[in-house]
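Working through the structure, step by step
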Amino acid sequence: MASSGNQMQKYKCPCGKSYFTVNRYHDDMGPFDEHWEMNCNHCKQRYQLSSFLKETDRGINEAYLWAPINIFSELAIVEGQLHKAQNDALALARELYLEHWILHCCRGQTKRDIWRNLSDDGRREPGFALFDSLVNDLNMGDYLKDYFNYLNLDYILKKLRVRDLRLDGLRGQAADLQSRLEKVQGLMRMEGFAGQSEYGI
Ligand SMILES: [Zn+2]
C-alpha cells in the first residue's frame, strides 16, 4: 500500500451543470495539502477560490471553498483597509511612545529586570529562558523595538499608562474593520461552496 501520493476527486460545481476537481496530497499521516480547480466556465466567472484557516488533527490547516466573487472582493478590500489602519496606528504609537517603551523596559540593572518589565513580571510571553537565549547586549534595542508591534500594542499602552486621542481614533477604526472582516469571513463560509456532493471519481 502506498503511503503517500495524491488522489483526485470530482465534485459538482455550484451551478450544478459541470464540476470542479480537487487533488488531495497525502503522506502516511493523512492528507496535508489540496489543489482545487474549477472546470465549469460559468462558475469560473462567478466564484473565486478562497481559503481560511481551520483546526484539524494535524494542527492549523487551510480549508478551501468557492467564494462568490462579490464576497471575495469585499474581503480583499476590508483586509486592505484593516492593514492600513493597523499600520497607521502602529506608526503613530511608535512615533509617540517607542522611546518611552524602551526606557520603561530598561529600568533596572539586569537582563532579568528588563525581561520582567517587558513581560509584565512573567505574565506574558516570552518566558525568561527564551528571552535569555534570544537577546544579548547587542540586539537588545532591536528586540525591544520589534516587540513594539500591533499585537502587543494594547498591552504596551496600558503598561505605559498613556492615551492619545488620535491614536484612540485609529485603533477604534482598526477594531471596527476587524469586526467587519470577521462578518465578511462568516458570510464567505456561509455562502461559499465547498462541494460536499460528489460527482464521481
Ligand atoms: Zn458550474
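No experiment lies behind these values; they were computed from the predicted model shown.

How each quantity is defined
- Residues numbered from 1 in each chain as written.
- Predicted model: local features only at pLDDT ≥ 70, side-chain atom pairs only at ≥ 80, totals over all residues.
- Helix = DSSP H or I, 4+ residues; strand = E, 2+ residues; numbered from the N terminus.
- Contact = placed C-beta atoms within 7 Å.
- Axes fitted to C-alpha atoms, helices over the stretch in contact; angles between N-to-C directions.
- Parallel < 35°, antiparallel > 145°, perpendicular 65-115°, else oblique.
- Left-handed = near helix turned anticlockwise from the far one by under 90°.
- Nonpolar A, V, L, I, M, F, W, Y, C, P; charged D, E, K, R; others polar.
- Domains from an automatic or database assignment.
- Pairing = 2+ DSSP bridges.
- pLDDT = per-residue confidence, 0-100.
- Buried ≥ 20, exposed ≤ 12 C-beta atoms within 10 Å, placed from the backbone.
- Arc of directions from axis to C-beta.

**Remarks on the overall build of the protein chain**
For the protein chain, the helix and strand inventory stands at 7 helices and 6 strands. Seen in sequence order, the protein chain has helices and strands lined up from the N terminus as β-β-β-α-β-β-α-α-α-α-α-α-β. With the principal axes as the frame, the protein chain shows a C-alpha extent of 70 × 45 × 25 Å. In the protein chain, 56% of the contacts between residues at least 6 apart in sequence involve partners at least 24 apart.

**A few points about the packing of helix α2 (residues 69–105) against helix α7 (residues 165–191)**
For any two helices packed against each other, the geometry comes down to the angle between their axes and how far apart the axes lie. Where α2 contacts α7, the two axes come as close as 9 Å, and the packing angle between them is 155°. In terms of axis orientation, α2 runs roughly antiparallel to α7. In this structure, the crossing between α2 and α7 has a hand that is left-handed. Split into classes, the residues belonging to the contact of α2 with α7 amount to 17 nonpolar, 5 polar and 7 charged.

**Here we look at the domain arrangement of the protein chain**
Along its sequence, the protein chain is carved into domain 1 (5–68 + 192–200) and domain 2 (73–185). Just the C-alpha atoms count here: the centres of domain 1 and domain 2 sit 37 Å apart.

**Structural notes on the pairing of strand β3 (residues 30–38)**
When strand β2 (residues 19–27) meets β3, the two strands line up antiparallel, connected through 8 bridges. Its bridge partner being in β3, T21 is matched across the sheet by E37. Hairpin connection from β2 to β3: 2 residues lie between these consecutive antiparallel strands.

**Structural notes on the confidence of the model for the protein chain**
Confidence in the prediction of the protein chain, expressed as mean pLDDT, is 91, and 94% of residues score 70 or more. The lowest-confidence element of the protein chain is strand β6 (residues 198–200), averaging 45 in pLDDT; the highest-confidence one is α2, averaging 97. pLDDT under 50 marks residues 197–201. Its contacts with residues more than four places away, or in other chains, come to 11 contacts.

**Things to note about helix α3 (residues 111–118)**
If you check which residues of α3 are buried, you get I114, W115 and L118. The arc enclosing the buried residues of α3, seen along the axis, measures out at 100°, which places them on a common side. Along its buried surface, α3 packs onto α2, α4 (128–134) and α5 (140–147).

**Considering the packing of α2 against α5**
With their axes 10 Å apart at the nearest point, α2 and α5 run at an angle of 120° to one another. One element, α2, and the other, α5, form an angle in the oblique class. In this structure, the crossing between α2 and α5 has a hand that is right-handed. Facing L98, W101, I102 and C105 of α2, the residues of α5 in contact are G141, L144 and K145.

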